[in-house]
Amino acid sequence: WGEAASALKAAASIDRNGVWVEHRISMSHPNPACLRSLRDIDLYIARAPNAAWALAWRGQTELLLQNYWRALRDLGAALCLSPKDPLALLWRGETWRRLGDFDRALKDFKGALKLSRDLSWAHAGRGFCLLRLGCYPAALAALERSLRLQGLCAPALAWHGETLYKLGRFGLAVASFESAL
């Protein structure tokens, strides 16, 4: 954490107006990273209330704090200003997933992937939703796409194992569970 914070502070000293760098500095603090980040981004949004990227960052931060309805508010506002932001769609989909609204989550993950096919978490989130909806072959395909992009993602590996288990592929399921650990 110290090394990350030092590098970001050096970058911030070059461009003190770089709010993104300031946000990343606050995210590099182990705890309470999100609270510091939220304060930083709130200050920026007060000066630039129509900054879609800032609203999306605040939405992601609210998601990390498990303030799901605030996350949806900010991510929705960001998408009103910038409807083709794949990360805002990804994080709104993740918020819906955590709330258990798998249909809305799938819609947002699909939209994010339409804009950027390399979002491993959108594939993983999509796989989780499909798993919970009982669509095991489609879940497996989505999770395997995610793992091809980012092979060491513990949640995706665990969901992959669960999907394989549901499909009766017990040996492969164990291997995925072990990799997740």
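Details of the structure are given in the entry above.
My aim in this report is to walk through the structure given alongside it, one point at a time. What you are looking at is a predicted structure, and each value in this text was computed from that prediction instead of being measured.

### Concerning the layout of surface pockets
Where empty space is left can be seen by rolling a probe of water-molecule size over the atoms. Here the largest pocket is characterised by a volume of approximately 190 Å³. Every residue lining the largest pocket is listed: Leu89, Arg92, Trp96, Arg104, Lys107, Asp108, Lys110, Gly111 and Lys114. Taken together, the elements giving at least two residues each to the lining of the largest pocket come down to helix H6 (86–99) and helix H7 (102–115). Among the elements that take part in the lining of the largest pocket, H7 stands out by supplying 6 residues, more than any other.

### A look at the environment of arginine 148
With respect to the secondary-structure elements, arginine 148 resides in helix H9 (residues 136–149). Assessed through its relative accessible area of 61%, arginine 148 is described here as exposed. For the pair arginine 148 and aspartate 118, spaced 30 residues apart in sequence, the C-alpha separation works out to 9.9 Å.

### So, a nonpolar patch on the surface
On the surface, Tyr165, Phe170 and Phe177 cluster together into a nonpolar patch covering about 320 Å² of accessible area. Locating phenylalanine 177 in the fold gives a position in helix H11 (residues 170–180). The class of phenylalanine 177 is partly exposed, set by a relative accessible area of 34%.

### Notes on the packing of aromatic side chains
Inspection of the entire model under this criterion finds 6 aromatic pairs. Both rings, one in phenylalanine 102 and one in phenylalanine 128, keep their centres 5.9 Å apart while their planes meet at 70 degrees; by these two values the pair is edge-to-face. One end of the pair, phenylalanine 102, is in helix H7; the other, phenylalanine 128, is in helix H8 (residues 120–132), with 26 residues separating them in the sequence. Residue phenylalanine 128 is classed as buried on the basis of its relative accessible area, which comes to 10%. Between the aromatic rings of phenylalanine 128 and tryptophan 159, the centroid separation amounts to 4.7 Å while the plane-to-plane angle is 55 degrees, which identifies the pairing as tilted. Remark: tryptophan 159 occurs in helix H10 (residues 154–166) and phenylalanine 128 occurs in helix H8; sequence separation between them is 31 residues. Summarising the burial analysis for this pair, phenylalanine 128 and tryptophan 159 share the class buried.

Here is what the cut-offs are and how they apply
- Residues numbered from 1 in each chain as written.
- Predicted model: local features only at pLDDT ≥ 70, side-chain atom pairs only at ≥ 80, totals over all residues.
- Heavy atoms only, no water.
- 1 Å grid on protein atoms, 1.4 Å probe; cavity = no way out; pocket = protein on both sides within 12 Å on 5 of 7 lines; lining within 4 Å.
- Points joined across faces, edges and corners; volume = space filled by probe spheres on them.
- Helix = DSSP H or I, 4+ residues; strand = E, 2+ residues; numbered from the N terminus.
- Buried < 20%, exposed > 50% of the residue type's maximum accessible area, 1.4 Å probe, protein only.
- Patch = residues over 30% accessible without salt bridge, like charges linked within 9 Å, V, L, I, M, F, W, Y side chains within 5 Å.
- Areas by Shrake-Rupley, 256 points an atom, 1.4 Å probe, with all protein chains shown as cover.
- Salt bridge = Lys/Arg side-chain N within 4 Å of Asp/Glu carboxyl O.
- Phe/Tyr/Trp six-rings, centres within 6.5 Å; stacked < 30°, edge-to-face > 60°.

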